[in-house]
Every structure is written in structure tokens, then in C-alpha cells.
Amino acid sequence: MTSEEGPTIEGLYAVIPAGGAGTRLWPLSRASSPKFLHDLTGSGRSLLQATWDRLAPLCGTNIVVVTGVAHRDAVAAQLPDLPYDSLLAEPSPRDSAAAIGLAAALLERRDPDAVVASFAADHVITGEDRFSACVAEAVAVARAGKVVTIGIEPTHPATGFGYIQAGEPLAVEGAPRALSVRSFVEKPDEATATAYLATGEYRWNAGMFVVRASVLLDLLADYQPGLAEGLRAIAADPSRLADVWPTLTKIAIDHALAEPAARDGKVAVIPGDFGWDDVGDFASLAGLLPSAGNDLKVLGTAVEDVLLHDASGLVVSGTGRTVAVLGLDDVVVVDTPDALLVTTRARAQDVKALVDRLKESGRTDLT
């Protein structure tokens, strides 16, 4: 779904890293069919398609998707307007610095002034007008040479996210809310997160980065020289991808670029005032779905196929059979053709442990 009027931000290229297995959403999300390929909100569009819908009005078809070889065909099928040469398939997972860096290196050669904006394929965003305004401010700051992140306004002292500590206002035309970044901090415990929120200086790190492609690669050359050299070598000669890719450092872009650049005073943040959720587990998913009545949230099946008595929670079904829940509060039931999960919202973060057990036992057919 592209804007009929064309892109609203000239020179902007969106990069969508589409990787990961979403193991905390097993058995719905798996390595063979990760969460970004699923409609998790009942909108009729997968999370990947919703990301495209959100970005296309800003940059038209200037969108690059980086995914694994195993998911290339599924991504192409879901995004028919994505140009063929804008779908990059990683030979193997090398983490986000390599994925985003590869797209930036290719775009640098295509357009030396390109500004790249990286947004995950599997997040849910509401308030899209506010999101677009934040991106426009971030682009203005990126054109001034900064690495820019969009920091999400915290709604509670979450311990599952990293945090961005904001500093002084920046005087950048077109970006009245831009702030310097003092530091990125790792996932805190609850007491530390509560203290962060009390200062008003901290925002959640949602992994949203906007930066000129050349600045991204030049900074990587300072902090991770081997990685930058390898990425630029692939961009210069794509036939070298299979040989060079396995030699690249496996590191997240936060550690490779954002954290050291922040220490050097080269990072800015735009406060994000839109709704955001990374759909990290079934408790999070339940919070995104409308109530089907009687404290019930349902995804993927007709409400009349779910029988609930003295119970509450979330039911996800892809089988069409009746699911009945009796006398259980905040239960999570995920019914798929070859696996059934029953847990509680309180234990939703622990689902990954089941996937680890399956891998240890050799049941890769289920993971």
C-alpha cells in the first residue's frame, strides 16, 4: 500500500530487518514462520505488512527488507510492491548490525546522500500521524550528521527493554523536540527502572535508528572496522556475499554503533509520543486485542468456537476446533495443528524455555 502522492520525505530509505523466531510466542511463531509473518492484531495484515503500510507513505517504494534465506519467498509474497532488488536475503543470522549495515552499504552506493531509517518488522504502532512526525524530525537531525533514535515514552517501569538517557535540547531546524543522548543502558531491574522513570530523562529503546548511510558506515569503520570493511566490500561486489558474510562480526547495532556513538556525543533522540508494542509475549499480545466479552481475548478463531466459564484469558487458535476453558483466570491457550500450549499470562515470558527444551530433545520439527 503506497501513497498515491508519492513519498513525503525525499531521500529517505526505510530498512526493515525481518528476522528472529519470536520464541516467546511459540507455538504460533516459529523459526519457519516467525511472528512478523502473522496477523497478530486481527487487522487482516501481518506485522510485516503493517510496517510496510506505515512506512510507504513516507518513502514510497524506497524500502529495503533484510530477511533470512528461508523467509525470502514468504516476504516477497506478502509485499508484492517491494522491488526485487530491495529484498536482501542473509545467508545466515549475523545480528542487526550486519543486517542494517548491509542495507546501508548498498544504499550508500545507490545514493550517497541517502538517509536510512530502520524499523523492526514485528512491532505494533498506533498513532501513525505522530509516528510520521517523529520520523520527519529524526530525518532532519540525521541530515545534520547525527545518529538518531526514537525513544518511546515509558508507561511503566519495564524490565524487558533497554533505556535511552536523554540530555540537553538540540537546536536543529525542523526538529524542535530533538535531544542529545547521554547514554544507552541495559535492561534494568524494577527498582532501577522505577528510578529512571522518576527522573523523566529515560525512554525505552525500541531499536529505531535514523542516520545517513555514509555516517552509519563511517562510524562502524571507527568502532567495528572489520565489519564496515566487509559490508562495503559486499556492496561493491554483491557476488562476494556468500564468502564475506560468514566472516562478519555478529553484534547488535546498539552495541556496535549506538552505544559508542552516544559516548562520543554523536547520538540524538526524538521522544516518541505514539503507541508502541514489541509483542514480546502472549501477555503483551493479549493487551493488544479487543475484548470478546467475559474477560476473553481471542485471535484466529470465531468467538463462538471458544467456551469460557468462570475463566478469563487469551485463546489463540488456528485449528477451527472448539476450545473450552473452565475455572481458570488469566489463562493462555494456543492451539495449533501440531502443538498445544497452556500457560498463564504471568508465565508468558517463560515460553522460550519450552522452545529451548524442544531443541535440546531434537524436536526441531516443532521449533
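The following paragraphs examine the structure supplied in this document. Sequence order as written defines the numbering, with residues in each chain counted from 1. In view of the model being predicted, local features appear only for residues whose pLDDT reaches at least 70, and side-chain atom pairs are presented and counted only at 80 or more, with totals across whole chains, interfaces and linings using the full set of residues. For the side-chain quantities, the full set of heavy atoms in the structure was used; hydrogens and water were omitted.

**Thoughts on the environment of L87**
To keep it simple, the criterion reads: By definition, any uninterrupted DSSP run of H or I lasting at least four residues is a helix, any uninterrupted run of E lasting at least two residues is a strand, and each is numbered from the N terminus. Exposure classes here rest on a 1.4 Å probe applied to the protein chains alone. A residue is buried below 20% of its type maximum, exposed above 50%, and partly exposed in between. Here, residues are in contact when the closest pair of their heavy atoms is within 4.5 Å.
For L87, the position within the fold is in strand β3 (residues 87-90). Residue L87 is classed as buried on the basis of its relative accessible area, which comes to 6%. Placed 62 residues apart in sequence, L87 and T149 show a C-alpha to C-alpha distance of 24 Å. Once residues lying within four places of it in the same chain are set aside, the contact partners of L87 are V65, T67, R72, V75, A76 and L82.

**Some points on unusual backbone geometry**
Most of the time, phi is negative for any residue but glycine, and the peptide bond is trans. With omega at 5°, the peptide bond leading from W26 into P27 counts as cis. Summarising the element assignment, P27 is placed in the loop between β1 (12-18) and α1 (47-59). Phi is positive for D95, which is not a glycine, with a value near 75°. Secondary-structure assignment places D95 in helix α3 (residues 95-110). At V279, a residue that is not glycine, the phi angle is positive and equals roughly 45°.

**Some details on empty space enclosed by the protein**
Applicable threshold: Only protein atoms enter the 1 Å grid used here, on which a cavity is any set of points holding a 1.4 Å probe that cannot leave and a pocket is any open set flanked by protein within 12 Å on both sides along at least five of seven lines; residues with an atom within 4 Å of a point are listed as lining. Grid points are joined across faces, edges and corners, and a volume is the space filled by probe spheres set on the points. Residue polarity follows a fixed list, in which Ala, Val, Leu, Ile, Met, Phe, Trp, Tyr, Cys and Pro are nonpolar, Asp, Glu, Lys and Arg are charged, and the others, Gly among them, are polar.
What the rule picks out here adds up to two cavities of 30 Å³ or more. By volume, the largest cavity is sized at about 50 Å³. Looking at the largest cavity, the residues that line it are I100, V116, A117, S118, V147, F209, V211, L216, I253 and L257. Secondary structure elements with two or more residues in the lining of the largest cavity: β4 (115-118), β9 (202-212) and α9 (253-263). For the lining of the largest cavity, the leading source of residues is β4, giving three residues. Each residue belonging to the lining of the largest cavity can be placed in one class, and the counts come to nine nonpolar, one polar and no charged. For the second largest cavity, the calculated volume is near 30 Å³. Lining the second largest cavity are R54, F119, A120, H123, I125 and M208. Grouping the amino acids of the lining of the second largest cavity by side-chain chemistry returns four nonpolar, one polar and one charged.

These figures come from the coordinates and say nothing about function on their own.
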